[in-house]
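Analysis of the macromolecular model
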Amino acid sequence: MNEQPQPEHKDDRPAIDVHLGDLSFPERPLDLAAVRAKLQSKTGKQYWRTLEELAEDPAFEELLHREFPRQAPSEWDDSVDRRDFLKLMAASLALAGLSGCGREPEQYLVPYVKQPDGMVPGKPLFFATAMPFGADSIGLLVESHEGRPTKIEGNPDHPSSLGATNVFAQASILDLYDPDRAQTVTKAGEIQTWSQFLDVAQALAATFRSTRGEGLRFLTGIINSPVLTAQLESILTRYPLAKWHQWEPAVGDGTREGAKLAFGRYVNTVYRPENADVILSLDSDFLVSGPGNVRYMREFYRRRKLNESAQADRVGSEMSRLYVVEPTPSVTGSSADHRLPLRYAEIARFARALAAKFGLGGSGKLDPNIEKWLDTVVKDLKKHPRRTLVVAGEQQPAEVHALAHAINASLGNVGTTLYYTEPVEAHPVNHLESLRELCADTENGKVSTLIIVGVNPVYTAPHDFDFAGKLRFDEKLGKKKIETVIYISPHFDETAQYCDWHVAESHYLETWGDARAFDGTVSVVQPLIAPLYKTHSVHETLAAFTDEPGLSDYDAVRDRLQAENPAVDFEKFWRKTLNDGVVAGTTFPPINVSLKFTPASLPPVNESSAGELEFLFRPDPSIYDGRFANNGWLQELPKPVTKLTWDNAALVSPKTAQKLDLTHTIPSRGGEHGQVLSDVIDIALSGSKVTAAAWILPGQAEGVVVLPLGYGRKKAGYAGTNKGFNAYVVRTSNTLWAAPAPAGVIRKTGNGYPMACTQYHFNMESRHIMMTATLEEYRKNPNFAKSEETPPENDSLYKGEAEFPYKRDKWAMSIDLNSCNGCNACIIACQAENNIAVVGKDQVMRAREMHWIRVDRYYTNTASSATGQSTGDPSEYQPALENPETFFQPVPCQQCENAPCEEVCPVGATVHSAEGLNDMVYQRCVGTRYCSNNCPYKVRRFNFLRFQDWETPQFKLMRNPEVTVRSRGVMEKCTYCVQRIDRARIEADKKNQPVADGAIVTACAQACPAQAIVFGNANDPNSRVAKLRAQQRNYQIMPELNTRARTTYLAAVRNPNSELDNA
Amino acid sequence: MNCHSVLFKNADYLEPVRESYRTGESIKWIKIHRLADFVYFDHSIHVNKGIGCSTCHGRVDEMPLVFQANTLLMQWCIDCHRNPEPYLRPMDQVYVMDWRPGPNQEELGKEFARERNLRTTAELTSCSTCHR
């Protein structure tokens, strides 16, 4: 603020213009004697609220006049009377008229001088690219408005996507526009230019040439990019003494080393869940995490759809069956027909016992109940030769993976439900040993230059390695252990503060590159926008250390592709590759590997390592290993099973919570959603300590405490810093995934911590909300989901909206609850498409999150869920907390034909369109909130505050220009993506054709990997949605309210094994 | 510059066009027909259904300086959306500036509406048609 002397002038401005500094409130102590005197002089009844009021203190009266005392000038200052005020305003209006008041500032139309090919301003373009993620990449089509990427969709032609995406791919667009991204090269925090960096890099390169790379080390995450691999390998050839280390904090070595143990070499496993009649998952969350998860989710649910008419969707003759054994409820486990909570350490025993049952040797001692469970599973597996699948989880140790490989081989599954290929990872190594070697070499002074790419070791490395100490100035040595540390990453994070040079990394939407998918298919990563800041890609940074420091990523990618495909017309090939999003002919063929492993060769189980408690480290469902901590959408995303936002918690099983006396307190709203107070605990583990809020999680194995990774960051930007607790602090190299400990390590601090939980309550109170049944029950009574209480169609004398003849397009949506597992991809997709704001933890605790679609999670007690009727027994309200059945239900606006919200809006801000949409007209809304009050589904969201960020320039680029950005005081809700409906309808109308089925795909439907959501025209008997609505399982939520919802659900059917009572 | 590489290529009046082409800087045209930000207007559907240019924009060919010939307020749009037949032209007349409806416009309009599958009044005046 400039301190400029105010010009001297007579103060004849209207009173409302009084400068703040002119206000003053002389503090006067209350004069009690005067008050008493006044009191004595009064007669009759007097009412007062404060003594000051009674004393008629003029200063206090003045205070009363001001709406915001001491903060703002009073709007109702009476120093200018009404007549003078009006005179003044009239005068200024008249003066304003002279300067052309009445017309808004000019707007300009600024056309291209040379319009880019194919671009029509106002119409978005789609470009194919891919998002690399671990040992996989998801093929994408990114929507670009006038050169700005605004929305990410899956690429239907890409094997890892088939048109769908997961939460990380959807949210990655916000990472591109993250205002906290590092914007330039820095050296020790000071801004440098790229050419300065190049000079330093070239000087280092010259040194390496002479020393043959001695002391040069690279530390990367998993690399699956052929170009990047080629670059690194050529650098390693050029400097033969250099070494390449890898560290990926959330993936683990089990998969890799398990394959090596089983086959003697590293191989990649590709699953075909669509061919499996029975799947047994050993702690594998394969539906939402790990390579291929988007594709596996699609394929798995193709075997779960019961749409008799949609044969194209169904594969195989019967519904598959999923058994899951896991220590903590995961998304995959929640979808299971049978789920067994087992400790992490017991899963290894379980796997051994399983192998023994197949006569493969070895043995595992099990609890008799678990043995019984196992026997039934084995029987089921044996009933479906060659059509079963055993999958081991990413965090499981190598032996469990090797056992799974052995079992799959003996079951004859290889070739049908899974196959093996060359590794997708460019350079598979044991990550823990690789990092250990780097740290040991650093201690021994063998590392002079360290280049860190794409991993945040100070934050994620095991605590006992003390990576920060490796980078810091060493007092004893009198210098740093590593002379030069160069770090390339998108943010100036925990590691960057210890590094000499920090290169700001370009986002994948800003660079050229390539990436392999889970099955080996290569896609070209194509930029959608030039780098927003002075960032550089990893390719450019690595090239700085070679003979070609100016190599662009564009050339790097093209050169390599040309070298790999010498015989083609390259320009044509290049354009086709960019168009399709896949490089033809790069999918890995299956390879033959022979099992070199026998279970009997495994060392006996170490019984003594079991502890009273078992602490598990797991990547967080929304933040992963911490890299997405600053992504507001992912922070606010309610986690699938816990529905927590903005925090992680130490997840504790109900029995353990009882033993340790840990509880939740629900301060308001009956515990439906909002704030939950959790007990805070200190955890002293592995020589370190962390303080966390405890969260009780039904379904978790007894004694298991899960510490989700990714939170508690200190330098993660505005959204990510100081949220939750940092589990990495107690994670050591020999307890990477599980740490057994006595119960005494947990100490209740006696404090409470408020958690923002969007759904704490899971009781339907016998309302017709979530209908579920077993396959048997469904076959006996296919109409189990229909309610007898639905009012008949023509019952009303009133000819309301519901009686409107929807002759042309009748938009409807069908959601298959058999396919929904609560992965939340739809929520992020909707948030991206419709410019939905992030409100922050405080507002989420007031239940003001703005997601237009929410995913409700219900735990059920089987008895009442099938009938949908309340048995009246109080135990119904307490589903078996040890292992409840879990169901998910996405709830967008139901677009009721007989909408309760429309009837009560006093200003007509919500009206019905002629195609059946419940339109929300923001301009008319005055914020009564009666519509939300009347909505039985509670799908309306009110902007209690101006939640939208109007200032940050990056977000202006990101927003979808086809959807209004709402201000404070208006109601909003799902619109069935009316912008997409309008676009498709206009295109069809121009051609004078009806809108084709599938021309309109809502954002949620497009993102869903399981294709659970289908949108279309219910009047078209051949449309997918019409066929789904005709299914017997089809039902509306709470039809007795006569809302005639257009969004209907297909009831969930599980396929339990009748020989197992529900476990 | 397409047309103006040939037509009036040396006229003083067209100097801004040549300047733009030379320097690559776009011409900043002042937007005359402005709608509020909360109106999502699609031009192509109007043209494709046979609403002529001069119907909404007036006689641009006779304007020495383009001005807004109609109010462009919602009431004005709704008047046509409620009753589009008087304004529908034969498709070859859409760009003709001096087109006037003939005496048989009523039946012609009804015929055009039918063959072009024009949306009903209820659909044309649904809020989400123009506002999202």
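Whatever comes next refers back to the structure up there.
All values derive from a computational prediction rather than experimental measurement. (Residues numbered from 1 in each chain as written. Chains lettered and ligands numbered in written order. Predicted model: local features only at pLDDT ≥ 70, side-chain atom pairs only at ≥ 80, totals over all residues. Heavy atoms only, no water.)

1. Thoughts on the overall build of chain A
Counting its secondary structure elements, chain A contains 31 helices and 42 strands. The buried share of chain A, reckoned over its 1063 residues, is 58%. Within chain A, residue pairs in contact and separated by at least 24 positions form 75% of the contacts whose partners lie at least 6 positions apart. Within the structure as shown, chain A displays about 44300 Å² of accessible surface, and the carbon and sulfur contribution to it stands at 52%. (Helix = DSSP H or I, 4+ residues; strand = E, 2+ residues; numbered from the N terminus. Buried < 20%, exposed > 50% of the residue type's maximum accessible area, 1.4 Å probe, protein only. Contact = heavy atoms within 4.5 Å. Areas by Shrake-Rupley, 256 points an atom, 1.4 Å probe, with all protein chains shown as cover.)

2. As for the sheet that holds strand E2 (residues 125–133) of chain A
All names here are of chain A. Across the sheet, which stays open at both edges, the three strands sit in the order E2-E3-E4 with antiparallel pairing between neighbours. Strands at the two margins of the open sheet, each flanked by one partner only, are E2 and strand E4 (148–154). In this sheet, adjacent strand axes meet at a mean angle of 35° when their direction is disregarded. Across six bridges, strand E3 (residues 136–145) lies against E4 in antiparallel orientation. Within E4, the position partnered with Glu143 by the bridge is Lys151. (Pairing = 2+ DSSP bridges. Axes fitted to C-alpha atoms, helices over the stretch in contact; angles between N-to-C directions.)

3. A few points about the state of the cysteines
Residues and elements named next belong to chain A. Applying the stated criterion across every chain, the model contains zero disulfides over all chains. Of all cysteine sulfurs, the one in Cys1004 lies closest to Cys826, which takes part in no disulfide; the gap is 6.4 Å. Cysteine Cys893 shares no disulfide, and the gap to the nearest cysteine sulfur, in Cys974, comes to 5.5 Å. (Disulfide = S-S within 2.5 Å.)

4. Some details on the pairing of strand E8 (residues 243–246) of chain A
All names here are of chain A. Judged from the four bridges that link them, strand E7 (residues 216–220) and E8 form a sheet pairing that is parallel. Looking at E8, one finds that Leu219 is bridged to His245. Each parallel crossover has a hand, and for E7 linked through helix H7 (residues 226–238) to E8 it is right-handed. (Right-handed = clockwise from strand over helix to strand, strands pointing away.)

5. Quick notes on the pattern of salt bridges
Per the stated rule, a full pass over the model turns up 71 salt bridges over all chains. Salt-bridge contacts for Glu443(A) lead to Lys481(A); the nearest nitrogen and oxygen are separated by 3.6 Å. Of the two residues, Glu443(A) is situated in helix H14 (residues 431–443) and Lys481(A) in the loop between strand E17 (479–480) and strand E18 (484–489); the sequence distance between them amounts to 38 residues. On the basis of relative accessibility, which here comes to 15%, the residue Lys481(A) falls in the buried class. With a shortest N-O distance of 2.4 Å, Asp647(A) and Lys841(A) are connected by a salt bridge. With a gap of 194 residues between them, Asp647(A) in the loop between strand E23 (644–645) and strand E24 (650–652) and Lys841(A) in helix H24 (residues 841–845) connect regions that are remote in the sequence. We classify Lys841(A) as buried; its relative accessible area is 16%. Salt bridges here are not isolated pairs; linked through shared partners, they connect Arg808(A), Asp809(A), Glu915(A), Asp982(A), Arg985(A), Asp989(A), Arg119(B), Glu123(B) and Arg132(B). (Salt bridge = Lys/Arg side-chain N within 4 Å of Asp/Glu carboxyl O.)

6. So, the side chain of His405(A)
Position of His405(A) among the secondary structure elements: in helix H13 (residues 398–410). Every residue in contact with His405(A), bar those within four places of it in the chain, is listed here: Gly258(A), Ala259(A), Ala262(A), Phe263(A), Thr269(A), Tyr420(A) and Leu595(A).

7. Thoughts on the environment of Phe942(A)
All names here are of chain A. Looking at where Phe942 falls in the secondary structure, it is placed in strand E37 (residues 941–942). Placed 440 residues apart in sequence, Phe942 and His502 show a C-alpha to C-alpha distance of 42 Å. Those residues in contact with Phe942 that lie beyond four places of it in its chain are Met850, Gly927, Arg929, Phe947, Gly969, Val970 and Met971.

8. Overview of helix H18 (residues 553–564) of chain A
For H18(A), which comprises twelve residues, the first-to-last C-alpha distance of 16 Å matches the rise-based estimate of 16 Å (1.5 Å per residue) to within 8%. Where H18(A) is concerned, the buried positions are Asp553(A), Ala556(A), Val557(A), Arg558(A), Arg560(A) and Leu561(A). (Expected span 1.5 Å × (residues − 1).)

9. A closer look at the interface of chain B and chain A
A common way to state how big an interface is: give the accessible area lost once the parts meet. Between chain B and chain A, the residue contacts involve 32 residues of the former and 37 residues of the latter. Carbon and sulfur atoms supply 51% of the area that chain B and chain A bury against each other, a total of about 3100 Å² over both sides. If you sort the residues of chain B by the area they bury against chain A, Arg34(B), Arg119(B) and Arg132(B) come out on top, with a joint share of 26%. Our count for the contact surface shared by chain B and chain A stands at six salt bridges. (Buried area = accessible area lost by both parts, 1.4 Å probe.)

10. Some details on unusual backbone geometry
All names here are of chain A. If you check the backbone angles, Tyr976 has positive phi at about 60° while not being a glycine. Residue class for Tyr976 comes out buried when judged on its relative accessible area of 1%. A positive phi angle, close to 55°, is found at Gln1011, a residue other than glycine. Relative to the helices and strands, Gln1011 resides in the loop between helix H30 (1003–1007) and strand E39 (1013–1017).

11. Thoughts on the packing of helix H11 (residues 344–357) of chain A against helix H12 (residues 368–383) of chain A
Residue and element names in this part refer to chain A. Where H11 contacts H12, the axes come no closer than 10 Å and their chain directions differ by 50°. One way to sum up the angle between H11 and H12 is to call them oblique. Crossing geometry of H11 relative to H12 is assigned as right-handed. Only Ile370, Glu371, Trp373, Leu374, Asp375, Val378, Leu381 and Lys382 of H12 make contact with H11, whose side of the interface consists of Glu346, Phe350, Ala353, Leu354 and Lys357. When its residues are assigned to classes, the contact of H11 with H12 shows eight nonpolar, no polar and five charged. (Parallel < 35°, antiparallel > 145°, perpendicular 65-115°, else oblique. Left-handed = near helix turned anticlockwise from the far one by under 90°. Nonpolar A, V, L, I, M, F, W, Y, C, P; charged D, E, K, R; others polar.)

12. Quick look at the environment of Met845(A)
Among the structural elements, Met845(A) can be located in helix H24. C-alpha separation for the pair Met845(A) and His673(A), spaced 172 residues apart in sequence, amounts to 7.6 Å.

13. Things to note about the sheet that holds strand E12 (residues 338–341) of chain A
Residues and elements named next belong to chain A. Strand order across the open sheet formed by four strands is E12-E11-E10-E13, with parallel pairing between neighbours. Edge positions in the open sheet fall to E12 and strand E13 (388–392), since each of these has one partner strand only. The sheet shows a mean angle of 10° between the axes of neighbouring strands, taken without regard to direction. Direction of pairing for strand E11 (residues 321–326) relative to E12: parallel, over a ladder of four bridges. Residue Val325 lies in a different strand from E12, and its bridge partner there is Leu340. Where H12 meets the sheet, it contacts strand E10 (278–282), E11, E12 and E13, and its direction lies at approximately 145° from that of E11. The strands that H13 touches are E10 and E13; relative to E13, the one it contacts most, it runs at about 170°.

14. Examining the pairing of strand E28 (residues 704–709) of chain A
Residues and elements named next belong to chain A. Summarising burial for E28: six of the six residues are buried, a large majority. Burial along E28 is two-sided: the face carrying Val704, Val706 and Pro708 and the face carrying Val705, Leu707 and Leu709 are both buried. One ladder, built from six bridges, connects strand E22 (residues 613–619) with E28; its direction is parallel. Within the sheet, the bridge partner assigned to Arg618 lies in E28 and is Pro708. With two bridges joining them, E24 and E28 adopt antiparallel strand pairing. Residue pairing across strands places Leu651 opposite Val706, the latter belonging to E28.

15. Quick notes on the nonpolar core
Residues and elements named next belong to chain A. Formed by 152 residues in total, the largest nonpolar core has its most connected members in Leu219, Leu435, Leu450, Phe467 and Leu634. Element by element, the count of residues in this core is highest for helix H5 (residues 167–176), at seven residues. When residues of this core are assigned to domains, at least three map to each of domain 1 (23–72 + 612–759) and domain 2 (268–421). Setting aside its immediate chain neighbours within four residues, Leu219 contacts His245, Gln246, Trp247, Leu435, Leu438, Leu450, Ile451, Ile452, Val453, Val455, Pro457 and Phe467. Ala276, Tyr301, Phe350 and Val400 belong to the second largest nonpolar core, which has 70 residues in total. (Core = buried A, V, L, I, M, F, W, Y, C linked by side-chain atoms within 4.5 Å. Domains from an automatic or database assignment.)

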